Amino acid sequence: MASLRILAGEYKGALLLTPPGIRPTESRVRKALFDILGPRIEGSRVLELYAGSGALGLEALSRGAASVDFVESQSSCIQFIRKNLQKVLGEKALGCARIHPHSAEIVLPKLGNRGEQFDLILMDPPYRKGWAKKSLQQIGACAILRNLGVAAVQHAWAEVVPESEGNLVKTRDYRYGDTGITCYATQGSLSGDI
């Protein structure tokens, strides 16, 4: 069982457990992602897709996000998200975290149908399976990213991600070795700073 730590914020240094068989986001890539997002995190509503251990969402909460919705379909991973939330946040987790124990494919339309919207959508899907593109298609179709919000996708650098999907438009690519982070915004809120 691998372990990793929260990098900054209120819970800096807290140890997170990761279930066997998943590829957690490397610390340097997590740091880069949150450096990119910067002040957008404070007070934001965050959606983490393909949550795994919940490390991205917990990092966002540590850095001042108002709430995080974790989407994960594997029951073993869901148990680790619950353990990590309890370990790091304790009872505070009840007011700022929701776990959706289903695939992104099922959860995204439900969130859209309820009119829910997020400031930040973070995803680190399994590489080279086309899941990033499918999720971006659904995010664009469901209109769950708020104006001035950012959807950030981690992917293998060699993997092609779309220029646009629905109302989402690619704003910038970042490269960290073999890993890429691509950011998207809604068409009406394109911003040159991310």
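As a reminder, the structure under discussion sits directly above these lines.
This write-up is about the structure you can find in this document.

Reading the values: rules and limits
- Residues numbered from 1 in each chain as written.
- Predicted model: local features only at pLDDT ≥ 70, side-chain atom pairs only at ≥ 80, totals over all residues.
- Heavy atoms only, no water.
- 1 Å grid on protein atoms, 1.4 Å probe; cavity = no way out; pocket = protein on both sides within 12 Å on 5 of 7 lines; lining within 4 Å.
- Points joined across faces, edges and corners; volume = space filled by probe spheres on them.
- Helix = DSSP H or I, 4+ residues; strand = E, 2+ residues; numbered from the N terminus.
- Nonpolar A, V, L, I, M, F, W, Y, C, P; charged D, E, K, R; others polar.

Brief notes about empty space enclosed by the protein
And step 1. For the structure on display, the rule yields one cavity of 30 Å³ or more.
And step 2. Of the pockets and cavities examined, the largest cavity occupies roughly 50 Å³.
And step 3. As for the largest cavity, its lining consists of Leu33, Leu56, Leu122, Met123, Ala152, Val153, Gln154 and Ile181.
And step 4. Going through the elements one at a time, strand E6 (118-123) and strand E7 (145-156) are the ones with two or more residues in the lining of the largest cavity.
And step 5. The element best represented in the lining of the largest cavity is E7, accounting for three residues.
And step 6. In terms of residue class, the lining of the largest cavity is made up of seven nonpolar, one polar and no charged.

Examining the layout of surface pockets
And step 1. Estimated volume of the largest pocket: approximately 580 Å³.
And step 2. Residue lining of the largest pocket: 29 residues in total, with Tyr50, Glu72, Pro125, Pro126 and Trp131 positioned closest to the centre.
And step 3. Elements that contribute at least two residues to the lining of the largest pocket include exactly helix H2 (55-62), helix H5 (104-113) and helix H6 (131-142).
And step 4. Examining the composition of the lining of the largest pocket, we find that four residues originate from one element, H6, more than from any other.
And step 5. Grouping the amino acids of the lining of the largest pocket by side-chain chemistry returns twelve nonpolar, eleven polar and six charged.
And step 6. In this structure, the second largest pocket spans a volume of roughly 170 Å³.
And step 7. Around the second largest pocket, the lining residues are Arg82, Leu85, Gln86, Gly90, Glu91, Ala93, Leu94, Ala97, Arg98 and Ile99.

Keep in mind these numbers describe shape, not what the thing actually does.
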